[in-house]
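Take a look at the letters that make up each chain.
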Amino acid sequence: MTDIESRIDTSRPHTARIWNYWTGGKDNYPVDREAGDQIRALHPGIGEYAKADRLFLGRAVRHLAEREGIRQFLDIGTGLPSADNTHEVAQRVAPDARVVYVDNDPLVLAHARALLVGTPEGRTDYLDADLRDVDTILAAAAKTLDLSQPVALMLLGVVIFVEDDEESYAIVRRLMDALAPGSHLVLSHTVTHPDMPDVDAAVAFWNEHGTPKLTQRTPAAVARYFDGLELLGPGVVSCSAWRAETTTPDVAMYAGVGRK
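Our subject in this report is the structure included herewith. Here the structure is a predicted model, which is why all the values come from computation and not from measurement.

## Describing the packing of helix α3 (residues 30-42) against helix α9 (residues 197-209)
The geometry of α3 relative to α9 is characterised by a closest axis approach of 8 Å and an angle of 155° between their N-to-C directions. With respect to α9, the element α3 is oriented roughly antiparallel. Here α3 runs over α9; the crossing is right-handed. On α9, the residues touching A35, Q38, I39 and L42 of α3 are D198, A201, A202, F205 and W206. For the contact of α3 with α9, the per-class residue count stands at seven nonpolar, one polar and one charged.

## Notes on the layout of surface pockets
As a volume, the second largest pocket reaches approximately 350 Å³. Around the second largest pocket, the lining is made up of 21 residues, and of these K51, A52, L55, R59 and S240 lie nearest the centre. Tallying contributions element by element places helix α4 (residues 47-66) first for the lining of the second largest pocket, with nine residues. Considering only residue class, the lining of the second largest pocket consists of eight nonpolar, five polar and eight charged.

Cut-offs applied
- Residues numbered from 1 in each chain as written.
- Predicted model: local features only at pLDDT ≥ 70, side-chain atom pairs only at ≥ 80, totals over all residues.
- Heavy atoms only, no water.
- Axes fitted to C-alpha atoms, helices over the stretch in contact; angles between N-to-C directions.
- Helix = DSSP H or I, 4+ residues; strand = E, 2+ residues; numbered from the N terminus.
- Parallel < 35°, antiparallel > 145°, perpendicular 65-115°, else oblique.
- Left-handed = near helix turned anticlockwise from the far one by under 90°.
- Contact = heavy atoms within 4.5 Å.
- Nonpolar A, V, L, I, M, F, W, Y, C, P; charged D, E, K, R; others polar.
- 1 Å grid on protein atoms, 1.4 Å probe; cavity = no way out; pocket = protein on both sides within 12 Å on 5 of 7 lines; lining within 4 Å.
- Points joined across faces, edges and corners; volume = space filled by probe spheres on them.

By themselves, these observations are geometric and do not establish any function.
Next comes the structure, spelled out in structure tokens:
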């Protein structure tokens, strides 16, 4: 058994693998599918969150590459490879775009090769690191990215795993402080909302049975991650509504893009 294989726990459901299951992927196990179905029974629309978050990623990356001239992306909490990963969207617009992926999930690491097939003009790299290891991430990312030039920091559905509010805000601030003016923060986060009480039940079930545990925050608390940045319209909203071309129901995953 390799070191990576020894780190993969198939006895308990895992967030990244359930997310993969909900988006139609095959990189999951029976325990993940069972938990995913139980969560969906508590909140039938929750499977749409994963799809909405992925579509938000595509719209945000396209906007940054096309309209803001961003050519560098630091994607932390990458998750399992899927359709239209960050480098695919960015390099479709700008073949010379550079992307560094970061995740600490051994299953993601095992599939990292799929994230490293980019254009000949651009570069992609993968780091096995935790979001909290800010100094390690920045030092390693600097081998691929020029941190003196604007970078898009992608934090989709990852700060939810930092339970302490102030610690989570401090991590985001430290990362953004290290990036050049003109950099952007792209962030999505599961929210608790009085109009969506079944979401709370689904999260409670997950935290009892799955790993890692996640923290919900209010829309106002999610907006705090963008303090000091210039929020791009329409602000911090349901990720299904962020610059969407068609009207779709709101999901309890809020997102925004801010410019430094």
